[in-house]
Amino acid sequence: MTAARRRKHRMILPLIAAVLLMLPQQYAQKAEAAENKTITLVCRQDDTILSGMEWTLYRIGKRNGSEVEFIPELSGYSMDLGDLSADAVDTAAKTIASYVAEAGLAPLSNGSTNTSGELAFGGLNNGLYLAVGKTLQVGNTTYFPSALLLEINDADAGIDYDAYPKFYYSDLSNQATKYTVRKIWADNDDQYQKRPQEISVDLFKDGTRYDTVLLNAENEWEYTWSALNDGAVWTVAEREIPADYSVMIDSNNTQFVIRNSYQAPPETTAPPQTTVPPQTTPPPQLVQTGQLWWPVLPLSLGGIILIGAGISMRAGKKKDEE
Amino acid sequence: MKNNTWKLVVLLGVLMIAAAGLLCLYNIRQSNEAAAHSEAILETLKKQIPEPPAEAPKPAEAAPVPAKEDLFTYYEEAETAPVQSETADIVIGNAAYCGYLTLPSLGLELPVMSSWSYPNLKLAPCRYSGSAETNDLIIMAHNYSSHFGRIGELTTGSQFSFTDTNGIGHPYRVSFIEVIGGQDVEQMFRGQSADWDLTLYTCTLSGQSRVTIRADRLDKPEEAS
């Protein structure tokens, strides 16, 4: 190795070493930036500030186009989240909250709102999160928070979310209250003969399993239980979602609906049924709606070429004869 | 024999041109017959279709959504509510018709048969699938010049209408045009009710593909936001 080449190597090697040393730092900074987003829940409205309201945050997955890609713990539940429009997102959040309880999912973080009625969850990545709150008693008023479905994406450094409860009750006494869960089948009156004989429903009180009940045709797919109205948050979940169905769960303060919609298996996805008579069922290929026009051009061209060839043959023959 | 070869070649050429001419004549005759049949049927059909109601019921108002206070009633009523208001077909001769199409930019007005078959297609455009009420209607017809042979001349923004057997005219505007392979049934149905509300299609001249007109319904009820 010449002296000049040795000098060159002496210059390049430290440069490579410096770059290699910087790389982990750059990745670390990038990761830090990606995990430095914040969700702030705001529980105040006009002069009412709800401090001390407890919230638990779960990471449930991410959005992939219009679909939700759940984390593995939740991916086994066939949840019907609707179109995730403003109207549907509340019900979607309730449905997911039910299965977060059913799956026993570990929370990502929890905390209480401060004296300004705010609670910030920091260090978050892009993705979909579910915030589940506990009821809060302020004087004679009990506030019932709704489960919230929240998303952080590339466009956000963080989000502030109005988490002020939609429901509150002024005179919540510790008296027995009746709660009812009812199954609703969205399957054209069992047209597809896929309904199970019965289903198991888990009842959760403040996220802890309280009871498991069976719903079937005999009890008209309905169960009612009584419990002290002590401000607990009740949720229900269908333990095993029937094959070929998806589930949506909605609730108000005393009623719970478990709605199972029939989902045609992928291999039989066909256009929705209409009043079209049976003979209009689309065939495996599109209907042939063309007249036989294509032979016209080759026939005409072929004919012209042959006539031309015949005439030239005749001319050649005449020449030969001459 | 060798001397007459040129005659055979010329004769063969003449026969080929004659065959092409006869095929043209046959196609034109078939198209004219279809045009005459469609015209006659349309006249009868229009007489049997009632005048449109003075004020068509708005689908959004037809089935009021119950309040969500009582969840059970809310969801049960949603399940039992009629999905669509059915329109009865009108039977003329041995065939049932579901309405007629008016394509002003092509100067065409054509009856639409409720169900399709190859004999039906020789007489009039046919419903392939769906309905105007559910915004997924697909109508097909032969590429006769008197039927859908010129739908490729429609352009984005062209307006036309489909009048159902209740006399209610549904206006549409062409949103996009595509050519779909003859085997690609999936693509024909892709985006129904979302990307388009009505589709018209016919064969290309080669018969290998389908000229497909996608249209949006202009009187579509606003979806609840």
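My aim in this report is to walk through the structure given alongside it, one point at a time. On a predicted model such as this, the values are computed, not experimentally measured, just so you know.

**Notes on the overall build of chain B**
Along chain B, the regular secondary structure elements total five helices and nine strands. Reading chain B from its N end, one meets helices and strands in the order α-α-α-β-β-β-α-β-β-β-β-α-β-β. Taken across its 225 residues, chain B has 44% of its residues classed as buried. Summed over its atoms, the accessible surface of chain B is roughly 11,500 Å², and 56% of this surface lies on carbon and sulfur atoms.

**Some words on the sheet that holds strand β1 (residues 37-42) of chain A**
Residue and element names in this part refer to chain A. Read from one edge to the other, the open sheet built from three strands follows the order β7-β1-β12, with strand pairing classed as mixed. Since the sheet does not close on itself, it has two edges, and those belong to β7 (118-124) and β12 (158-162), each with one partner. Going from strand to strand, the sheet's axes swing by 15° on average, the running direction of each strand aside. Where β1 meets β12, five bridges bridge the pair, whose relative direction is parallel. Among the inter-strand pairings, Leu41 is bridged to a residue of β12, identified as Tyr161.

**Topic: a nonpolar patch on the surface**
On the surface, a cluster of nonpolar side chains totalling about 390 Å² of accessible area is made up of B:Leu8, B:Leu11, B:Leu12 and B:Leu15. Note that B:Leu11 resides in helix α1 (residues 5-48).

**Examining helix α4 (residues 296-321) of chain A**
A rise of 1.5 Å per residue sets the reference length of α4(A), with its 26 residues, at 38 Å; its end C-alpha atoms lie 37 Å apart and thus fit the reference within 8%. Of all the positions in α4(A), only A:Val296, A:Gly302, A:Gly303 and A:Gly310 are classed as buried. In the core, the buried residues of α4(A) are packed alongside α1 of chain B.

**Remarks on the sheet that holds strand β18 (residues 234-238) of chain A**
Residues and elements named next belong to chain A. In space, the three strands of this open sheet follow the order β16-β15-β18, with antiparallel pairing throughout. Each edge of the sheet is formed by a strand with only one pairing partner; in this case those strands are β16 (208-216) and β18. When strand polarity is set aside, the average angle formed by the axes of neighbouring strands in this sheet is 25°. With eight bridges connecting them, strand β15 (residues 198-205) and β16 associate as antiparallel partners. Residue Val201 lies in a different strand from β16, and its bridge partner there is Val213.

**Quick look at the interface of chain A and chain B**
Taken together, the contact pairs 53 residues of chain A with 61 residues of chain B. Of the roughly 4,800 Å² buried between chain A and chain B on both sides combined, carbon and sulfur atoms contribute 64%. Considering only the side of chain A, the residues that lose the most area to chain B are A:Leu286, A:Thr289 and A:Gln291, jointly responsible for 17% of the buried surface there. The tally of links between chain A and chain B comes to one salt bridge. Scanning the region where chain A abuts chain B turns up 12 residue pairs in polar contact (both at pLDDT 80 or more).

**Here we look at the environment of B:Gln187**
Relative to the helices and strands, B:Gln187 resides in helix α5 (residues 185-189). The residues contacting B:Gln187, other than those within four sequence positions of it, are B:Glu178, B:Ile180 and B:Arg214.

**Comments concerning the pattern of salt bridges**
All names here are of chain A. Under the criterion given, the structure shown has 21 salt bridges over all chains. Across the salt bridge formed by Asp244 and Lys194, the nearest N and O atoms sit 3.2 Å from each other. In this pair, Asp244 sits in the loop between β18 and β19 (245-251) while Lys194 sits in the loop between β14 (176-186) and β15, placing the two residues 50 residues apart along the sequence. According to the relative accessible area criterion, Asp244 is partly exposed, its value standing at 24%. You can call Lys194 partly exposed: its relative accessible area is 37%.

**Quick look at the side chain of B:Thr199**
Residue and element names in this part refer to chain B. Here Thr199 is to be found in strand β8 (residues 198-203). A polar contact of 2.7 Å, which involves the side chain of Thr199, links it to the side chain of Arg214. Setting aside residues up to four positions removed in sequence, Thr199 forms contacts with Leu137, Ile138, Ile139, Met188, Thr212, Ile213 and Arg214.

Reading the values: rules and limits
Residues numbered from 1 in each chain as written. Chains lettered and ligands numbered in written order. Predicted model: local features only at pLDDT ≥ 70, side-chain atom pairs only at ≥ 80, totals over all residues. Heavy atoms only, no water. Helix = DSSP H or I, 4+ residues; strand = E, 2+ residues; numbered from the N terminus. Buried < 20%, exposed > 50% of the residue type's maximum accessible area, 1.4 Å probe, protein only. Areas by Shrake-Rupley, 256 points an atom, 1.4 Å probe, with all protein chains shown as cover. Pairing = 2+ DSSP bridges. Axes fitted to C-alpha atoms, helices over the stretch in contact; angles between N-to-C directions. Patch = residues over 30% accessible without salt bridge, like charges linked within 9 Å, V, L, I, M, F, W, Y side chains within 5 Å. Salt bridge = Lys/Arg side-chain N within 4 Å of Asp/Glu carboxyl O. Expected span 1.5 Å × (residues − 1). Contact = heavy atoms within 4.5 Å. Buried area = accessible area lost by both parts, 1.4 Å probe. Polar contact = N/O pair within 3.5 Å; in protein donor to acceptor, adjacent residues only side chain to side chain.

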